[in-house]
Every structure is written in C-alpha cells, then in structure tokens.
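Topology and contacts: notes
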Amino acid sequence: MRKLLRKAGNIFDRLLDLLVILAGIIISFITISVCTGILSRYLLNRPIAWVVEISEYSLLYITFLVAAWVLKKEGHVSVDLVYSRLSPRNRSIVSIVTSILAGIFFLIITIYGVKVTKHQFDTKYFTPTILEAPKFVITLIIPVGTFLLLIQIIRKIYRHLNNLMKADTSQFKEGEAKGSLKIEP
C-alpha cells in the first residue's frame with residue numbers, strides 16, 4: 001500500500017511540476033501579448049482588443065495552476081510568530097488542525113465550483129465581452145485548482161500524522177530503553 005501511495009505521490013508531484021511549467025508559459029504569453037499590445041497601440045495606433053481580456057483570464061489560471069505546488073513547497077504566507085515557538089510535536093498538531101480546516105474550505109469551493117461550472121456549461125453561457133468566451137472554460141480552473149489543493153492538503157496531513165506517530169514511537173522506545181516513559185504535554 002505504501003509503495004502504491006508513494007508512486008501516486010510521485011505522479012501527482014510530476015503533474016504539479018507540469019502545471020507550474022504551463023503557468024510559466026502562460027506568463028510568457030501574457031508578457032509578449034501585453035508588450036505587443038502596447039507597441040501596436042502607440043506605434044501603429046491599432047490596439048489589440050483581446051489582450052486585456054486574455055491577460056485577466058490567464059492570471060486566474062496561473063493562480064490556480066500553481067497553488068498546490070506552492071503548498072507542496074510550503075511557500076504560502078504564514079504567521080509564524082507563535083508557530084515557531086512551538087515544539088515540533090505541537091507544530092505538527094497545529095498543522096494538522098489548520099490543514100483540516102483548509103481542506104474543508106477547499107472541498108466546499110471544489111463542490112460549489114463544479115456546480116457553477118456545470119451550470120455554465122449546461123446553459124451555454126458566454127461572457128459578454130470582446131471574445132465572447134464560454135464562461136465554463138474560464139471558471140473550470142477554480143474547481144480543478146482547489147481539488148489539487150485539497151489533494152496536497154491531504155498529503156500534508158498524512159505527512160504530519162506520520163511524523164507524530166514516528167515521534168511517539170521513538171519516544172516510547174527511548175523511554176523503554178531508559179526504564180521510564182517520558183510524556184510531553
């Protein structure tokens with residue numbers, strides 16, 4: 001079972017890495033598009049109408065494509081004023097609790113995002129903008145991205161639970177070897 005989980009984790013990590021590369025490509029495309037739009041507007045007096053709209057949609061996609069990868073790298077903003085003063089065991093407990101709360105939040109967003117995206121697909125809703133893009137194509141990234149975040153949160157909880165169990169087991173063995181069991185609060 002552990003081997004299967006490790007293999008699934010490696011596949012998931014590769015997927016996150018690919019999504020980060022895709023986000024980098026999108027950023028490059030936005031940069032080129034905006035520069036081309038500026039040059040076209042001021043040198044040729046012909047603005048490119050779709051540049052702003054595509055840039056807006058791209059920023060949404062970039063955010064949700066990389067969020068799970070950032071969580072994997074522990075790169076999200078955190079307030080560690082109190083957290084850094086906790087023992088490793090208590091840090092794991094706090095991480096588990098906050099991750100469970102975040103997981104519930106992202107599960108709700110994923111479920112609601114799927115419902116909204118499906119509704120937009122079923123009603124064939126298009127954006128009332130220059131591109132008149134199908135709205136579900138734009139919002140689809142929200143449930144996808146939050147689902148990836150949810151998976152990464154579950155992995156984080158699993159990792160912290162393993163750390164707690166290993167710490168408790170090693171503490172038990174140390175106490176057994178010394179003739180007493182040391183219990184920390």
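Residues numbered from 1 in each chain as written. Predicted model: local features only at pLDDT ≥ 70, side-chain atom pairs only at ≥ 80, totals over all residues. Heavy atoms only, no water.

A word on a positive patch on the surface. Residues Arg2, Lys3, Arg6, Lys7, Arg14 and Lys166 make up a contiguous surface patch of positive charge. The element best represented in the positive patch is helix H1 (residues 2–43), accounting for five residues. Within the element layout of this structure, lysine 166 appears in helix H6 (residues 141–178). For lysine 166, a relative accessible area of 56% gives the class exposed. (Patch = residues over 30% accessible without salt bridge, like charges linked within 9 Å, V, L, I, M, F, W, Y side chains within 5 Å. Areas by Shrake-Rupley, 256 points an atom, 1.4 Å probe, with all protein chains shown as cover. Salt bridge = Lys/Arg side-chain N within 4 Å of Asp/Glu carboxyl O. Lys, Arg positive; Asp, Glu negative; His and termini not counted. Charge placed at Lys NZ, Arg CZ, Asp CG, Glu CD. Helix = DSSP H or I, 4+ residues; strand = E, 2+ residues; numbered from the N terminus. Buried < 20%, exposed > 50% of the residue type's maximum accessible area, 1.4 Å probe, protein only.)

Next up on the list: the packing of H1 against helix H2 (residues 51–72). To describe two helices that pack against each other, one gives the angle between their axes and the distance between the axes. One can describe the packing of H1 onto H2 by two numbers: an axis separation of 9 Å at closest approach and a directional angle of 155°. By the angle between their axes, H1 is roughly antiparallel relative to H2. When you trace H1 past H2, the crossing you get is left-handed. Considering only residue class, the contact of H1 with H2 consists of 18 nonpolar, four polar and three charged. (Axes fitted to C-alpha atoms, helices over the stretch in contact; angles between N-to-C directions. Parallel < 35°, antiparallel > 145°, perpendicular 65-115°, else oblique. Left-handed = near helix turned anticlockwise from the far one by under 90°. Nonpolar A, V, L, I, M, F, W, Y, C, P; charged D, E, K, R; others polar.)

Counting 13 residues, the largest nonpolar core has Ala23, Ile26, Ile62, Leu65 and Leu148 as its most contacted members. Breaking this core down by element, the ones donating at least two residues are H1, H2 and H6. Sorting elements by how many residues they give to this core places H1 first, with six residues. The residues touching isoleucine 26, leaving out its near neighbours within four places in the chain, are Ser58, Ile62 and Leu65. Ile96, Leu149, Ile153 and Leu164 belong to the second largest nonpolar core, which has eight residues in total. (Core = buried A, V, L, I, M, F, W, Y, C linked by side-chain atoms within 4.5 Å. Contact = heavy atoms within 4.5 Å.)

Quick look at H2 now. One full turn of an α-helix is made of 3.6 residues, so residues set three or four places apart face in the same direction. Compared with the 32 Å implied by 1.5 Å per residue over 22 residues, the 32 Å span of H2 between its first and last C-alpha is a close match. Along H2, the sharpest change in direction is near 35° and occurs at valine 66. Taken together, the buried positions of H2 are occupied by Val51, Glu53, Ser55, Tyr57, Ser58, Ile62, Phe64, Leu65, Val66, Ala67, Ala68 and Leu71. Downstream of H2 by one or two residues, glutamate 74 has phi in the positive range, about 55°. (Expected span 1.5 Å × (residues − 1). Bend = angle between axes of the 7 residues up to and from the residue.)

Right, let's get into the side chain of serine 95. Along the chain, serine 95 falls in helix H4 (residues 88–122). Residue classification places serine 95 among the buried residues on the basis of a relative accessible area of 5%.

What follows covers a nonpolar patch on the surface. The grouping of Ile93, Val97, Ile100, Leu101, Ile104 and Ile108 at the surface amounts to a nonpolar patch, some 530 Å² of accessible area in total. Note that isoleucine 93 resides in helix H4. Owing to a relative accessible area of 33%, isoleucine 93 belongs among the partly exposed residues under this scheme.

With that settled, the discussion passes to the packing of aromatic side chains. The relation between two aromatic rings is expressed through the spacing of the ring centres and the mutual angle of the planes. Throughout the structure, instances matching the rule amount to three aromatic pairs. When the ring of phenylalanine 29 is compared with that of tryptophan 50, the centres are 6.4 Å apart and the planes differ by 10°; the resulting orientation is stacked. In this pair, phenylalanine 29 is assigned in helix H1 and tryptophan 50 in the loop between H1 and H2, connecting sequence segments 21 residues apart. Between phenylalanine 105 and phenylalanine 106, the ring centres sit 5.3 Å apart and the planes meet at 70°, which makes this aromatic pair edge-to-face. With a relative accessible area of 48%, phenylalanine 105 lands in the partly exposed category. (Phe/Tyr/Trp six-rings, centres within 6.5 Å; stacked < 30°, edge-to-face > 60°.)

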